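Structural description and commentary
What follows is each chain in one-letter form.
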Amino acid sequence: MKSNTPFKMSMSKISSFIDSVTYTAPSNIALIKYWGKKPVQLPCNASLSFTLNNCHTKTRVSYKKKEAINDEFNFQFFFEGAPKPSFEPKLQSFFERIEAYCPFLKEYEFLIESENSFPHSSGIASSASAMAALASCLVAIESKIEGTDFTTAEKNQKASRLARLGSGSAARSIEGPIMVWGKHDLVTGSNDDYAVVFDKPIAPIFQNFQDTILLIDKGEKQVSSTVGHGLMKNHPFAKQRFLEANKNLSVLSKCLVDGDMETFIKIVEHEALSLHAMMLTSDPYFILLKPNTLKAIEEIRAFRKKTGINICFTLDAGANLHVLYPNSHKKEVLHFIDNVLYLITKGQGYICDYIGNGVENI
Ligand code: DP6
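Residue indices begin from 1 for each chain and proceed along its sequence in written order. Selection of residues for local features in this predicted model requires a pLDDT of at least 70, selection of side-chain atom pairs for listing and counting requires 80 or more, and totals for whole chains, interfaces and linings are taken over all residues. The basis for every side-chain value is the complete set of non-hydrogen atoms in the structure, without hydrogens or water.

1. Here's the deal with helix α3 (residues 127-146)
- Between the first and last C-alpha of α3 there are 28 Å, a value that for 20 residues agrees with the 28 Å anticipated at 1.5 Å per step.
- Within α3, 15 of the 20 residues are buried, leaving the element largely enclosed by the surrounding structure.
- Of the residues trailing α3, G147 is marked for its positive phi of about 70 degrees. Helix numbering and strand numbering both begin at the N terminus, where a helix is a DSSP run of H or I of at least 4 residues and a strand a DSSP run of E of at least 2. A helix is expected to span 1.5 Å multiplied by its residue count minus one. The buried label applies to any residue whose accessible area, calculated with a 1.4 Å probe on protein chains only, is under 20% of its type's maximum; exposed applies above 50%, and partly exposed to all values in between.

Here you go:
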């Protein structure tokens, strides 16, 4: 489901630009978490994620050659139809980081227009989908203006590398359905530079796997991921955490092939809680879980025990809960969500998503 609605921009704004490209990029949810990085934007452990489908960013980049070349990046950024200067410093440092890979950047002026399929105050992290969409546009622009004839693999690798330099987890939003970012001995081709598609045949139970995101807290995050990653530098448990994440990825990799749901659930929930355990034990510590996150976790465990349905949860760096379950149990789980978990969201609701395939040129 990709929106083909026109951007909320007046055509007069873009008429002076010679050409444009548009991409949608989905969000992704990590099952094995990336938490801790080294310069520049390289992960301290391998991570693995489900690419999502419905939660996505649509970005159009219009461009024209500068009349006089200067030593600056010239871009304007519009979010959902309005200029958003608060995002410009992030874009400026992104352009600085990627310049070595995109030497044309200072020769052009760019108009970047972006919108999300999910409400911006939902507390859903948007940097992964935003950076993946923008990176994909820039690779397509390079191909057009330089005439570079990328193979699909080269295009995806480059987009993932650029996206990573914007936001680490964005590296995993280019393709799907399951992505690995960071070198891991069991995943062919895996590396720290860009994400790769999980290389093994996946058990049928994971086809159309569902992710319903419970909106427990729509507020702004108290701590940015970047600050959180930084706190892993002197964290007393960091070394052990990085080893454990890589070990968990080995175990999970086997579950994905065998369809071993019991172990899958154990690892996925353990990873979510380990991520938050790192935050709880950093200096300074921070608590992103809310009482209602814990309440919903209790209900999910009770429902699993009572029904035997393979439902589990994961978390990103916030209070919202991702409820994961096989498509075959969608009806029962949605009934449970509507009757039990929805009340815990205090009317803020939920967003239904499922495993998807990455960016699309539209
Ligand atoms: C908890 O990718 O948002 O979602 O690289 O600083 O932009 P930066 O961080 P970011 O961190 C994501 C952390 C996470 C886990 C994950 O997605 O693996």
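2. Some points on the state of the cysteines
- The term disulfide is used for any two cysteine sulfur atoms that are within 2.5 Å. This structure, assessed with the given rule, holds zero disulfides.
- Between C137, a free cysteine, and C102, which holds the nearest cysteine sulfur, the sulfur-to-sulfur gap is 12 Å.

3. Points about the packing of aromatic side chains
- Classification of ring pairs uses Phe, Tyr and Trp, with its six-membered ring standing for Trp, and accepts pairs whose centres are within 6.5 Å; under 30 degrees between planes counts as stacked, over 60 as edge-to-face, and the remaining range as tilted. Tallied over the entire structure, the rule returns 17 aromatic pairs.
- Aromatic pair F77 and F87: ring centres 4.9 Å apart, planes at 35 degrees, arrangement tilted. You can see F77 sitting in strand β5 (residues 74-79) and its partner F87 sitting in the loop between β6 (82-83) and α2 (88-98), a full ten residues away along the chain.
- Since its relative accessible area comes to 6%, F77 is described here as buried.

4. Remarks on the domain arrangement of the chain
- Throughout, the edges of the domains are those of an automatic or database domain assignment. Examined at the domain level, the chain breaks down into domain 1 (11-200) and domain 2 (207-354).
- Using C-alpha coordinates to define each centre, domain 1 is positioned 25 Å away from domain 2.
- Between domain 1 and domain 2, the contact holds 34 residues from the first and 43 residues from the second.
- Salt-bridge detection follows one rule: a side-chain nitrogen of Lys or Arg within 4 Å of a carboxyl oxygen of Asp or Glu. Connecting domain 1 to domain 2 are zero salt bridges.
- What qualifies as a polar contact is a pair of N or O atoms within 3.5 Å, subject to a donor-acceptor requirement within protein and to the restriction that residues adjacent in sequence count only when both atoms come from side chains. Counting every contact that joins domain 1 to domain 2 gives 13 residue pairs in polar contact (both at pLDDT 80 or more).
- Contributing elements (two or more residues each) for the side of domain 1 that touches domain 2: β1 (19-32), β4 (47-65) and β8 (178-181).
- For the side of domain 1 that touches domain 2, the element with the highest residue contribution is β4, accounting for eight residues.
- Grouping the amino acids of the side of domain 1 that touches domain 2 by side-chain chemistry returns 21 nonpolar, ten polar and three charged. Contacts: residue pairs with any heavy atoms within 4.5 Å of one another. Under the scheme applied, nonpolar residues are Ala, Val, Leu, Ile, Met, Phe, Trp, Tyr, Cys and Pro; charged residues are Asp, Glu, Lys and Arg; polar residues are all the others, including Gly.

5. Overview of the site of the ligand
- In this text, near means that some heavy atom of the residue lies within 4 Å of the molecule or strand in question. Around the ligand lies a shell of 17 residues, among which Y34, K37, S167, G168 and S169 are the nearest.
- Contacts to the ligand include Y34, whose side-chain N or O atom sits 2.7 Å from an oxygen atom.
- The contact in question runs from an oxygen atom of the ligand to an N or O atom on the side chain of S225, over 3.3 Å.
- For the ligand, whose accessible area on its own is 460 Å², the fraction buried by protein is 92%. Here the accessible surface of atoms and residues is derived via Shrake-Rupley with a 1.4 Å probe, and residues count as covered only by protein chains that are part of the display.

6. A look at a nonpolar patch on the surface
- Like charges within 9 Å and nonpolar side chains (Val, Leu, Ile, Met, Phe, Trp, Tyr) within 5 Å are joined into patches, using only residues over 30% in relative accessible area that form no salt bridge. Together, L280, Y285 and I287 give the surface a local cluster of nonpolar side chains, amounting to about 320 Å² of exposed area.
- Locating L280 in the fold gives a position in helix α7 (residues 261-280).

7. Structural notes on the pattern of salt bridges
- This model, assessed by the stated rule, comprises 14 salt bridges.
- E99 is the partner of K106 in a salt bridge, and the nearest nitrogen-oxygen pair spans 3.3 Å.
- Residue class for K106 comes out buried when judged on its relative accessible area of 16%.
- The network of salt bridges with common partners includes D71, E99 and K106.

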